[in-house]
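Working through the structure, step by step
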Amino acid sequence: MQFEKEELVVLISTFIIVLITIALLVLFSVFKKNKDFLLKQREEEKKRFEREIAETQIEIREETLRNISWELHDNIGQLLTLAKIQLQNPSPESIKDVSNTITKGLIEVRALSKLINPEAIKNINLREAIQLEIDRFNRLQFIDSKLEIKGLEFDIEKKSSIIIFRILQEFFSNTIKHSKASKLSVSLNFKLDSLHILAKDNGVGFSKEIVSKGIGLGNIKNRAKLIGAEAVFESEIDKGTSLSIIYKL
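Residues numbered from 1 in each chain as written. Predicted model: local features only at pLDDT ≥ 70, side-chain atom pairs only at ≥ 80, totals over all residues. Heavy atoms only, no water.

**Notes on the pattern of salt bridges**
Counted under the stated rule, the structure contains 5 salt bridges. With a shortest N-O distance of 3.7 Å, Glu 133 and Arg 136 are connected by a salt bridge. Of this pair, Glu 133 and Arg 136 both sit in helix H4 (residues 126-139), 3 residues apart, roughly one helical turn. There is no split in this pair, since Glu 133 and Arg 136 are both buried. For the salt bridge of Lys 183 with Asp 144, the shortest nitrogen-to-oxygen distance reads 3.0 Å. (Salt bridge = Lys/Arg side-chain N within 4 Å of Asp/Glu carboxyl O. Helix = DSSP H or I, 4+ residues; strand = E, 2+ residues; numbered from the N terminus. Buried < 20%, exposed > 50% of the residue type's maximum accessible area, 1.4 Å probe, protein only.)

Following this line, the structure appears as structure tokens:
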């Protein structure tokens, strides 16, 4: 009888050990699958992020080339044409006017050279890149624009800076092309653990239905998510449009 009890205990113990072993193997297998899945997911997210960065850089270059084309045609071209007209009837006064016109042209060419030089664009920070856009809008009289800096400025990660700049470029483009606004303002509020950006215009605005459906809002929000930022787009008819971006360090 005693022997049978001992044998039963051994069988039960063996059974329990086998069950524990199987459970551990199953848990290990599940853990490994989850780990492999997370690693694969992280790798895919990294590839998607790098792809988005590359696409954004291409879009910025395309936007820059379009800006250069507009400036050459609408601004520098007009200045050169004016100088040519002024030289048709030479006089001391016209020579002075020609000199002033050429000086303006040289200023515009120098401003363009900053946009053309890829190294210059590559090495400027977010504030400088936005300031270049603001200066261009004012110089070409596209729209009355201003940039305000709040807090103690700091540099942010370069790839995040590229994404944020492209998001703002999209907003600027919509403002100039569609909003019929006369004013555009951008503020960069540097806080201890985040950067708050607010871009707004005083244009015709959009209804809530149009805002909810898009006009590029989905693309803007998706790009913001890639860098852990939050983008909020607000607009009302006849009350203008605003874009708020919160980027956490």
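**Overview of the nonpolar core**
If you look at the biggest cluster of nonpolar residues, it comprises 38 residues, and the most contacted ones within it are Ile 130 and Ile 197. For this core, the secondary structure elements donating two or more residues are helix H1 (2-87), H4, helix H5 (158-179), strand S2 (183-190), strand S3 (194-201), helix H7 (217-226), strand S4 (229-236) and strand S5 (240-248). A total of 8 residues in this core trace back to one element, the largest contributor, which is H5. If we ignore the near neighbours within four places in the chain, the residues touching Ile 197 are Leu 126, Ile 164, Leu 168, Val 186, Ser 187, Leu 188, Leu 243, Ser 244 and Ile 245. (Core = buried A, V, L, I, M, F, W, Y, C linked by side-chain atoms within 4.5 Å. Contact = heavy atoms within 4.5 Å.)

**Some details on H5**
The end-to-end C-alpha separation of H5 is 30 Å, in line with the 32 Å expected for 22 residues at 1.5 Å each. Counting buried positions over the 22 residues of H5 gives 16, a clear majority of the element. Phi turns positive one or two residues past the end of H5, at Lys 180, with a value near 60 degrees. (Expected span 1.5 Å × (residues − 1).)

**Some thoughts on the packing of aromatic side chains**
Using the criterion set out here, one finds 3 aromatic pairs in the structure. With a centroid separation of 4.9 Å and 80 degrees between ring planes, the pair formed by Phe 154 and Phe 190 is classed as edge-to-face. Taken together, the positions of Phe 154 in the loop between strand S1 (144-150) and H5 and Phe 190 in strand S2 put the pair 36 residues apart, joining distant regions of the chain. Phe 154 sits in the partly exposed class, given a relative accessible area of 22%. When its relative accessible area of 8% is taken as the criterion, Phe 190 is described as buried. When the ring of Phe 171 is compared with that of Phe 233, the centres are 6.4 Å apart and the planes differ by 75 degrees; the resulting orientation is edge-to-face. One end of the pair, Phe 171, is in helix H5; the other, Phe 233, is in strand S4, with 62 residues separating them in the sequence. In terms of burial, Phe 171 and Phe 233 fall into one category: buried. (Phe/Tyr/Trp six-rings, centres within 6.5 Å; stacked < 30°, edge-to-face > 60°.)

**Quick look at the sheet that holds S5**
Picture the strands of a sheet paired through backbone hydrogen bonds; they go either parallel or antiparallel. Within the open sheet, the 5 strands sit side by side as S1-S2-S3-S5-S4. Their pairing is mixed. Whereas interior strands pair on both sides, the edge strands pair on one side only; in this sheet they are S1 and S4. On average, adjacent strands in this sheet sit at an angle of 10 degrees to one another, irrespective of strand direction. With 8 bridges joining them, S3 and S5 adopt antiparallel strand pairing. Bridge pairing in S5 places Ala 199 opposite Leu 243. Sitting on the sheet, H4 touches S1, S2 and S3, and the angle it makes with S1 is about 155 degrees. (Pairing = 2+ DSSP bridges. Axes fitted to C-alpha atoms, helices over the stretch in contact; angles between N-to-C directions.)

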